[in-house]
Amino acid sequence: MTQNATPEAVEALLPEVSALIVEALNLEVKPEEIDVDAPLFGEGLDLDSIDVLEIALVISKKYGFQMRSDDQDNERIFASLRALTAHIASQRTA
């Protein structure tokens, strides 16, 4: 069951998701230092496709929904921490 993610729900979830990414990828940055609107690929966090697979795995375990590698919306979903968090907030079951 999907729901619309309110801006408040997304804001409340941002610290949790950034901490999850830092922990999952062993990043050398504090979760609160991640620019929520910076790109996750390239200039922002400089993630690659393997990193995205890791993130998708921990998200599916924690929030109870599957992320698919062939999803046509992945570019939008993984555009930034805020975009990813909004997707989680709208999809999560747990």
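Parameters at a glance
- Residues numbered from 1 in each chain as written.
- Predicted model: local features only at pLDDT ≥ 70, side-chain atom pairs only at ≥ 80, totals over all residues.
- Heavy atoms only, no water.
- Helix = DSSP H or I, 4+ residues; strand = E, 2+ residues; numbered from the N terminus.
- Buried < 20%, exposed > 50% of the residue type's maximum accessible area, 1.4 Å probe, protein only.
- Lys, Arg positive; Asp, Glu negative; His and termini not counted.
- Salt bridge = Lys/Arg side-chain N within 4 Å of Asp/Glu carboxyl O.
- Contact = heavy atoms within 4.5 Å.
- Phe/Tyr/Trp six-rings, centres within 6.5 Å; stacked < 30°, edge-to-face > 60°.
- Lys NZ or Arg CZ within 6 Å of the ring centre and 35° of its normal.
- Core = buried A, V, L, I, M, F, W, Y, C linked by side-chain atoms within 4.5 Å.
- Expected span 1.5 Å × (residues − 1).
- Arc of directions from axis to C-beta.
- Polar contact = N/O pair within 3.5 Å; in protein donor to acceptor, adjacent residues only side chain to side chain.

S.K.: Please set out the side chain of Asp51 residue by residue, giving values where relevant.
M.R.: Looking at the secondary structure, you find Asp51 in helix H2 (residues 49-63). Here Asp51 is buried and forms no salt bridge, its nearest opposite-charge partner Lys61 lying at an N-O distance of 15 Å. Setting aside residues no more than four positions away along its own chain, Asp51 makes contact with Leu25 and Asp46.

S.K.: Tell me what's going on with the packing of aromatic side chains, and back it up with residues and numbers.
M.R.: The final tally for this structure, using the stated rule, is zero aromatic pairs. Taking the ring centre of Tyr63 as reference, the NZ or CZ of Lys62 above it sits at 5.9 Å.

S.K.: Can you break down the nonpolar core residue by residue, with the values?
M.R.: Counting 24 residues, the largest nonpolar core has Ile59 and Leu84 as the members making the most contacts within it. Those elements giving two or more residues to this core turn out to be helix H1 (7-25), H2 and helix H4 (81-91). Not counting residues up to four positions away in its chain, the partners in contact with Leu84 are Val17, Ile21, Leu40, Ile55, Ile59, Met67, Ile77 and Phe78.

S.K.: Tell me about H2, residues and numbers included.
M.R.: In this model H2 runs 21 Å from its N-terminal to its C-terminal C-alpha over 15 residues, within 8% of the 21 Å that 1.5 Å per residue would give. Every buried residue belonging to H2 is among Asp51, Val52, Ile55, Ala56, Ile59, Ser60 and Tyr63, and all of these are buried. Buried residues of H2, viewed axially, fall in a sector of 165°; they line one side. Relative to its buried face, H2 has exposed residues pointing more than 90 degrees away, namely Ile50, Leu53 and Lys61. Packing partners of the buried residues in H2 comprise H1 and H4. Here H2 starts with a cap whose side-chain oxygen sits 3.0 Å from the backbone nitrogen of Ile50, and that cap is Asp48. Of the residues trailing H2, Gly64 is marked for its positive phi of about 75°.

S.K.: Explain the environment of Ile21 residue by residue, including any values.
M.R.: Within the secondary structure layout, Ile21 lies in helix H1. For the pair Ile21 and Arg92, spaced 71 residues apart in sequence, the C-alpha separation works out to 16 Å. Residue contacts for Ile21: discarding those within four places in its chain leaves Leu27, Leu45, Ile55, Leu81 and Leu84.

All quantities given are derived from atomic positions and should not be read as evidence of function.
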